[in-house]
Amino acid sequence: MASATHVTIRKRVTIFFLFVSVIMIGLGCRLMYLQFYRSGWLTENAIDQRIRDIPVEAKRGIIYDRIGREMAVSISTESVYAIPAEIRNADETAAKLAAILALDADKLAPKLKKRQAFTWIKRKIDDDTAREVKKLNLPGIGLTQEGRRYYPHDNLGAHVLGFTGIDSQGLDGVEMTFDQYLRGRPGSIVVEYDARGREIPYASHRFVPPTDGNNVYLTIDLVIQQIIERELEKVMQETQAKAATIIVMQPKTGEILALANRPDYNPNKFAEYPSKLWRNVAVSNAYEPGSTFKILTTTAVLGDKVVKLDERFFDPGGIEVQGRTIHCWKHGGHGSQSFREVVENSCNTGFVTVGLRLGKDPFYKYLEDFGLGKLTGIDLPGESKGIMIDQTKATPINIATMSMGQSIAVTPIQLVNAVSTVANNGQRTRPQIVREIRNKNNEIIRGFQSDVQNQVVDPAIAQQVKDVLESVVANGTGRNAFIEGYRIAGKTGTAQKVGAGGYVPGKYVASFAGFAPADDPQVAMLVVIDEPVGLYYGGQIAAPVFGAVMKDILQYLKVTPNLIDSTKGDVQAEHVAVPNLINLLVPDAIKELQKFNLNARVEETGERIADQIPKPGSRLPQGSNVLLYTLTPRYESGQITVPDCQGRSLSESSEILAEVGLTIKPVGQGKVAVKQDPIPGSKVVPGTTITIFFD
């Protein structure tokens, strides 16, 4: 019996030791696993419990204009963070913070209870709010300085500059494309804590300083940018257009001196604007350019020598291509004219003829050489290639319509770059928006030189095109872009907008592209006005904007005026103010012009003047032509052009309006009309009441 008991005890002891051995072996294996395979993870977690790493944001670099004027800067602001391990009462802390920071306490409390070393509560708060948080003196809650992007000129240059996100990362514009240079490298503050979350007094605290971002110098000139944005605001008010764009470029270098769109947004408050307003339509939107494209067609046909400037053409008012009749914009056609006059008059029939004569393959080669159908390479996000018919599928009717700026879509930046190519003696350069990048020691770390792409035509051909475009402003449809004392070259454009089912009736894009001075171009510019209300011809509304902007730019750049009359090439003739001829009968208008030694060129076949180029008050050399647009039958049966009554008395205004079938509603007790609604030049039906404000 005793022996059996002894055996039983021995078995139990053996089993116990085996059990202990298994446990020891398991613990040993676990220890080896942790020691050899999980040591890094354990070390990291131990450091995470002992070390608090508070990030310190790098100061983002400054964006300057071309001569060092600030356009985007970073200002210091406070951000609230939490170290959950140090918070004693998460619910109470959340309630107090939520009241100051306008947060939801129920959502904030769980965040403060999480097992993590560091978490943001609210980033980049204002100074008053930061002071309120400091007064609370809450355990585990701290503030650190960060940089907030600030644009001192608000909306100015918004589509060039872009904006940044909460982490100071570039999200659009130059802020995005040059983010790697601007953002710098963040630093940190490292602090040691004991097991109870108390800061160790004599521990090795470490500060890793951030590396500030580099400064970017744009090619933009702040003053020129202000000039074009002022005129954009004005044209949007006067034409009630859907949108408008102006780009100013230096032809010889490819530098963009100014670029702006309307509508726009304020990058300081970009989140408050619809995202569609962030879109930079100057580089992202493709549109049919209309007659401004004829600059490229003119260059191509002269470059391939398929036509001479003095070659005669006859325009009967239309031309048939593949069974389709393409009409000229002038009813009845321009009759007999030289190719120079074809360009001056923007004659569709003439351009279709020379375009077909050039042929498909040479035509497409010039399109490629001008950079159409591909990116220009400008350092702005979202650039579009435009839209071109595949060369293998192009038919004669496609070549015919493309020759006059239809059936092809370009971006504004592509078109102004092509016009600059002509101005630069046929040499195409890549458009550039950044001039150089400098570090904090003001050392250049990246410079941008003129990037020549290719030679499109010989300089001699480019000079011919420049001469023709100068005569377009002197004698043709571009007269409203004329600037006294300067030689201006350019081309008007009026394109009907394309919709889902073809061209949309009543919706147009008016534009003007050109450069100055014509003999030594310093500035090239494109003006695009999308869906203007009322007048829509490029020569009527875009050319005056071009002239106003170009005049201010040339004066700002100190380009010396010359004493050459662009119409005759002799010493400048005496200039006179163009009289107001709107709503006069054609014979009366001609007689009125003769009093000022000016010549009349009457367009269309109506009896009464509907519009004129240049506008009343413009100054022209004596002997110049004034284009007179008449009330055609379609206007006489439909709409009337509102005359300009500003500056006239009540009786004079009443007589003028009554003469064209409109009524007057006077407002105010003054003697002189200072404003009217609808504005002069608007189209209204007969019998409409015009409100005239007197002061």
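Cut-offs applied
- Residues numbered from 1 in each chain as written.
- Predicted model: local features only at pLDDT ≥ 70, side-chain atom pairs only at ≥ 80, totals over all residues.
- Heavy atoms only, no water.
- Helix = DSSP H or I, 4+ residues; strand = E, 2+ residues; numbered from the N terminus.
- Buried < 20%, exposed > 50% of the residue type's maximum accessible area, 1.4 Å probe, protein only.
- Contact = heavy atoms within 4.5 Å.
- Areas by Shrake-Rupley, 256 points an atom, 1.4 Å probe, with all protein chains shown as cover.
- Core = buried A, V, L, I, M, F, W, Y, C linked by side-chain atoms within 4.5 Å.
- Pairing = 2+ DSSP bridges.
- pLDDT = per-residue confidence, 0-100.
- Patch = residues over 30% accessible without salt bridge, like charges linked within 9 Å, V, L, I, M, F, W, Y side chains within 5 Å.
- Salt bridge = Lys/Arg side-chain N within 4 Å of Asp/Glu carboxyl O.
- Arc of directions from axis to C-beta.
- Polar contact = N/O pair within 3.5 Å; in protein donor to acceptor, adjacent residues only side chain to side chain.
- Axes fitted to C-alpha atoms, helices over the stretch in contact; angles between N-to-C directions.
- Phe/Tyr/Trp six-rings, centres within 6.5 Å; stacked < 30°, edge-to-face > 60°.
- Lys NZ or Arg CZ within 6 Å of the ring centre and 35° of its normal.

Draft legend 1. Molecular detail of the overall build of the protein. Looking only at helices and strands, the protein features 21 helices and 31 strands. Buried positions account for 52% of the 695 residues belonging to the protein. Relative to all contacts within the protein whose residues are 6 or more apart in sequence, the contacts with residues 24 or more apart total 71%. With the model as given, the accessible surface of the protein reaches about 32100 Å², and the carbon-plus-sulfur share is 52%.

Draft legend 2. Fine view of the nonpolar core. Among the nonpolar cores identified, the biggest contains 84 residues, and V174, F178, L218, I256, F339, I433 and V434 are the most heavily contacted of them. Of all the elements, helix α16 (residues 412-423) adds the most residues to this core, at 7 residues. Not counting residues within four places of it along the chain, the set of residues in contact with V174 comprises I63, V160, L161, D179, L182, V216, L218, L380, I433 and V434.

Draft legend 3. Spatial organisation of the pairing of strand β4 (residues 119-125). When you tally the buried positions in β4, you get 5 out of 7 residues, the bulk of the element. Summarising the sheet, strand β3 (residues 70-82) and β4 pair through 4 bridges and their orientation is antiparallel. Within the sheet, the bridge partner assigned to Y81 lies in β4 and is W120.

Draft legend 4. Region of interest: the confidence of the model for the protein. Taken residue by residue, the protein gives an average pLDDT of 84. The fraction at 70 or more is 88%. Low pLDDT, under 50, characterises residues 564-572; the stretch is placed with 20 contacts to residues that sit more than four places away or in other chains. Overall, residues 633-637 carries pLDDT values under 50, and its contacts beyond four positions in sequence, including any with other chains, amount to 9 contacts.

Draft legend 5. Fine view of the environment of R648. Assignment of secondary structure puts R648 in the loop between β27 (640-641) and α21 (650-659). Residues R648 and K671, spaced 23 residues apart in sequence, show a C-alpha to C-alpha distance of 8.1 Å. Apart from residues lying up to four places away in sequence, R648 is in contact with N580, S653, I656, K671, V672, A673 and F694.

Draft legend 6. How the structure looks around a nonpolar patch on the surface. Among the surface-exposed residues, I9, V13, F16, F17, F19, V20, I23, M24 and L27 lie close enough to one another that they form a single nonpolar patch of about 880 Å² accessible area. Mapping V13 onto the fold places it in helix α1 (residues 2-36).

Draft legend 7. Fine view of helix α5 (residues 127-136). Among all positions in α5, only T129, A130 and V133 are buried. Relative to the axis of α5, the buried residues are bounded by an arc of 100° and lie together on one face. Contacts from the buried residues of α5 go to β3, α3 (90-101), β4 and β5 (141-150). The opening residue of α5 is D126, an N-cap whose side-chain oxygen sits 3.2 Å from the backbone nitrogen of D128. Immediately downstream of α5, the backbone of N137 shows phi near 50°, a positive value.

Draft legend 8. The arrangement of the sheet that holds strand β19 (residues 489-499) in detail. With antiparallel pairing, 5 strands are arranged side by side in an open sheet as β10-β9-β21-β20-β19. Edge positions in the sheet fall to β10 (255-262) and β19, since each has one partner strand and no second. Sheet twist, expressed as the mean angle between neighbouring strand axes with direction ignored, is 10°. As judged from the 7 bridges shared by strand β9 (residues 243-250) and strand β21 (residues 523-530), these two strands associate in the antiparallel manner. Considered in β21, the bridge of T245 is made with V528. Across the sheet, helix α9 (residues 222-239) lies against β9, β10 and β21, angled at about 25° from β10, the strand it touches most. Helix-sheet contacts for α16 involve β9, β10, β20 (502-516) and β21, and the interaxial angle to β9 is about 35°.

Draft legend 9. Quick peek at the packing of aromatic side chains. Tallied over the entire structure, the rule returns 14 aromatic pairs. When the ring of F16 is compared with that of F17, the centres are 5.9 Å apart and the planes differ by 75°; the resulting orientation is edge-to-face. The residues F16 and F17 share a single accessibility class, namely exposed. Plain terms: the ring middles of F178 and F448 are 5.9 Å apart, the flat faces sit at 75° to each other, and that makes the pair edge-to-face. Of this pair, F178 sits in the loop between α7 (173-177) and α8 (179-182) while F448 is found in the loop between β17 (444-447) and β18 (452-455), placing the two residues 270 residues apart along the sequence. The class of F178 is buried, set by a relative accessible area of 3%. Aromatic ring contacts, followed pair by pair, group F163, Y265, F270, Y273 and W278 into a single cluster. Here the guanidinium or amino end of K675 rests over the ring plane of F693, the centre of that ring lying 5.7 Å away.

Draft legend 10. Just unusual backbone geometry, in detail. Put simply, R262 and P263 share a cis peptide bond, and its omega is 0°. Tracing the backbone through its elements, the reader meets P263 in the loop between β10 and α10 (281-284). Even without glycine at this site, A102 takes up a positive phi of about 60°. Mapped onto the elements of the fold, A102 is located in the loop between α3 and α4 (105-113). Positive phi is not limited to glycine here, since N425 has a value of about 60°.

Draft legend 11. Highlighting the pattern of salt bridges. Applying the stated criterion to the full structure yields 29 salt bridges. A salt bridge links R230 to E231; its shortest N-O distance comes to 3.0 Å. By relative accessible area, which is 41% here, R230 ends up partly exposed. Salt-bridge contacts for E531 lead to K497; the nearest nitrogen and oxygen are separated by 2.9 Å. A residue pair is termed long-range when its members are at least 10 positions apart, and E531 in the loop between β21 and α18 (538-556) and K497 in strand β19 qualify at 34 residues. E531 gets classed as buried once you look at its relative accessible area, which sits at 17%. Judged by relative accessible area, which is 19%, K497 ranks as buried. A cluster of three or more residues bridged by salt bridges with shared partners is formed by R60, R149, E175, D179 and R183.

Draft legend 12. Spotlight on the side chain of S384. With respect to the helices, strands and loops of the structure, S384 is situated in the loop between α14 (360-369) and α15 (396-403). Engagement of the side chain of S384 in a polar contact is seen with the backbone nitrogen of G386, the distance being 3.1 Å.

Draft legend 13. Summary view of the sheet that holds strand β31 (residues 689-694). With mixed pairing, the 3 strands of this open sheet are ordered in space as β28-β31-β29. Since the sheet does not close on itself, it has two edges, and those belong to β28 (663-667) and β29 (673-677), each with one partner. Adjacent strand axes in the sheet meet at a mean angle of 30° when their direction is disregarded. With 4 bridges connecting them, β29 and β31 associate as antiparallel partners. Paired with K675 across the strands is F693, a residue of β31.

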